[in-house]
Amino acid sequence: MQLRKDYQKYLSEKERIIKGGREKYHKQNEEQGKLFVRERLEMLFDPNSIVEDGLFANNLDPSLPADGSVTGIGEINGRTVCFLAADSTVKAGSWGPKSVEKNIRIQEKAAELKVPIIYLIDSAGGRITEQLNVFPGKRQGGKIFYNQVQLSGVIPQITILFGPSPAGSAYVPAFSDLVIMVDGNSSAYLGSPRMVEMAIGEKTTMDEMGGARMHCSVSGLGDVLVDSEEEAIDACKRYLGYMPQSWKDCLPVENGVDPVSGRDVKDIVPLNENTPFDMYELIDQVIDEGSWFEYKKLFAPELITGFARLNGEVKGIIANQSKVKGGTLFVDSPDKAARFVMICNAYNIPLLYLSDVPGYMIGSKVEQSGIIRHGAKMISALSESTVPIISLVVRKCYGAGLYAMAGPAFGSDVVLALPSAQIAIMGPQAAVNAVYYNKIQELPEDERAAFIDEKRNEYLQDVNLFKVASELIIDDIVGFDDIRTEVIRRFKFYKTKSVMKYEKRNAVHPV
């Protein structure tokens, strides 16, 4: 059967556009271990679920199939999700006027449908040769970032960086809820190494300045570092499994399972407060087996943040890791925590704090780096939260660390403590030294140790856990083996929580 000429034209044009750019660019991707954009989408979305918009954008220019951008709607595990994806075989995935318009339109569609949006980035940024039609205007590149800010906290926004994200496009991950980066291929930077050397004389490498590992461990731009594109796509799917469609929708629920088999909690938590232990081991005994999804694992590792399920229901967990820097909060720790708390609060994910914290770091270096200002971010995000919050003091909780880890004054629904817990302004050794330093110096050398022990014991009696509970500073003491049961029961009761906040235009938070 002979096809009509107009239909033949349609089929041939569609086939040409779907193939993307020239073959040599496909080969370059293969050599770098990178998939073609449409292969990525096939792996990410359910089979035959995608509807694409703007396929024929710029089709009159044979060098710009789809204008280097694939946008549309599909399903991931049966859930509707919008996407925009750069085609690096077309002008290195750069943004032209039509691709910018396509990106803006799919953001608007995601807002209308109240569904998540995924940004698949592998782009050279805006096309300098078309800058007046791409960069400065009201409905041009800046509008993409504006839309991201407006959508923040309304619908989940996920960025997967498969390749570069330079200059302006580097702000796409910065405005997203989650950023997944592929080690060795992903990068984000405002100026390339060549541009940096020309402008300021600094010689650097891409990995040092904008590489995936650097951003996931040093700058904090990246949240999840993976070794391959397949892992990146899997991480994106897993993260979506913890998120609602929008802030007004219910969280996904699964069948609950028991925690992984492991040591009893009383054997995990050392009696000596100065002996480090692995908080991950305790977390494993609280959450459903296999349900852990960590957020910013490599960044500020003295603080653990991640999503998990308790009896099938999604929770956000914030915990101190004494194996790293003693669990002390440094300059980056509050940034990590504040971001995580804001995500959980935005999408109605209850929070569980597991505290074992000596407090914030002190000294000239951290003061000059803004430890007070940064530390206030963690407390501000917590204080703004309206979701159910349970705070469990695992061991020590000293100074402003108590405030940062959801202490009694900061909107927690309940503050619980294990029998090993100790709450105080500071630890006994530091407290005795602070109060009695001059007296200790006056004593003969052979009398100092006994005096310090005496005052230390007096201090410990003053902050005795049962005295703290007697004064209703904490709400209950929980047995080592009862954590999971107690937390699950209490979260069930707190589901109807409603918090009234002062009426205002916006809070003026530390930044």
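See the structure shown above.
What you are looking at is a predicted structure, and each value in this text was computed from that prediction instead of being measured.

**Q** What should I look at first to understand the pattern of salt bridges in this one?
**A** Any two side chains of opposite charge can pair, so long as their charged atoms come close to each other. Here the structure, examined in full by the defined rule, presents 31 salt bridges. Note that Asp122 and Arg40 form a salt bridge whose closest N and O atoms lie 3.1 Å from each other. Taken together, the residues span a long stretch of sequence, with Asp122 in the loop between β4 (117–121) and α5 (141–151) and Arg40 in helix α3 (residues 37–44) at a distance of 82 residues. For the pair shown, Asp122 and Arg40 are each scored as buried. In this structure, the salt-bridge partner of Asp183 is Arg213, at a minimum N-O distance of 3.0 Å. One end of the pair, Asp183, is in the loop between β7 (178–182) and β8 (187–189); the other, Arg213, is in helix α9 (residues 212–219), with 30 residues separating them in the sequence. A residue is classified by how much of its surface remains accessible, and Asp183, at 27% relative accessible area, is partly exposed. With relative accessibility at 44%, the residue Arg213 sits in the partly exposed group. Here the salt bridges share partners, and the residues they tie into one network are Lys34, Arg40, Asp122 and Glu229.

**Q** Honestly, the pairing of β4 in this entry has me stumped. Any pointers?
**A** Looking along a regular strand, one sees side chains alternate from face to face of the sheet. Of all the five residues making up β4, five are buried; the element is thus mostly covered by neighbouring parts of the structure. What you see with β4 is no split at all: Ile117, Tyr119 and Ile121 on one side and Ile118 and Leu120 on the other are buried throughout. Strand direction decides the pairing type here: strand β3 (residues 79–86) and β4, joined by four bridges, are parallel. Bridge pairing in β4 links Ala85 to Leu120. Each parallel crossover has a hand, and for β3 linked through helix α4 (residues 97–113) to β4 it is right-handed. Examined bridge by bridge, β4 and strand β5 (residues 157–161) share five bridges and lie parallel to one another. Bridge assignment links Ile117 to a residue of β5, and that residue is Gln157. Where the polypeptide runs from β4 across α5 and back to β5, its parallel neighbour, the crossover connection is right-handed.

Here is what the cut-offs are and how they apply
- Residues numbered from 1 in each chain as written.
- Predicted model: local features only at pLDDT ≥ 70, side-chain atom pairs only at ≥ 80, totals over all residues.
- Heavy atoms only, no water.
- Salt bridge = Lys/Arg side-chain N within 4 Å of Asp/Glu carboxyl O.
- Helix = DSSP H or I, 4+ residues; strand = E, 2+ residues; numbered from the N terminus.
- Buried < 20%, exposed > 50% of the residue type's maximum accessible area, 1.4 Å probe, protein only.
- Pairing = 2+ DSSP bridges.
- Right-handed = clockwise from strand over helix to strand, strands pointing away.

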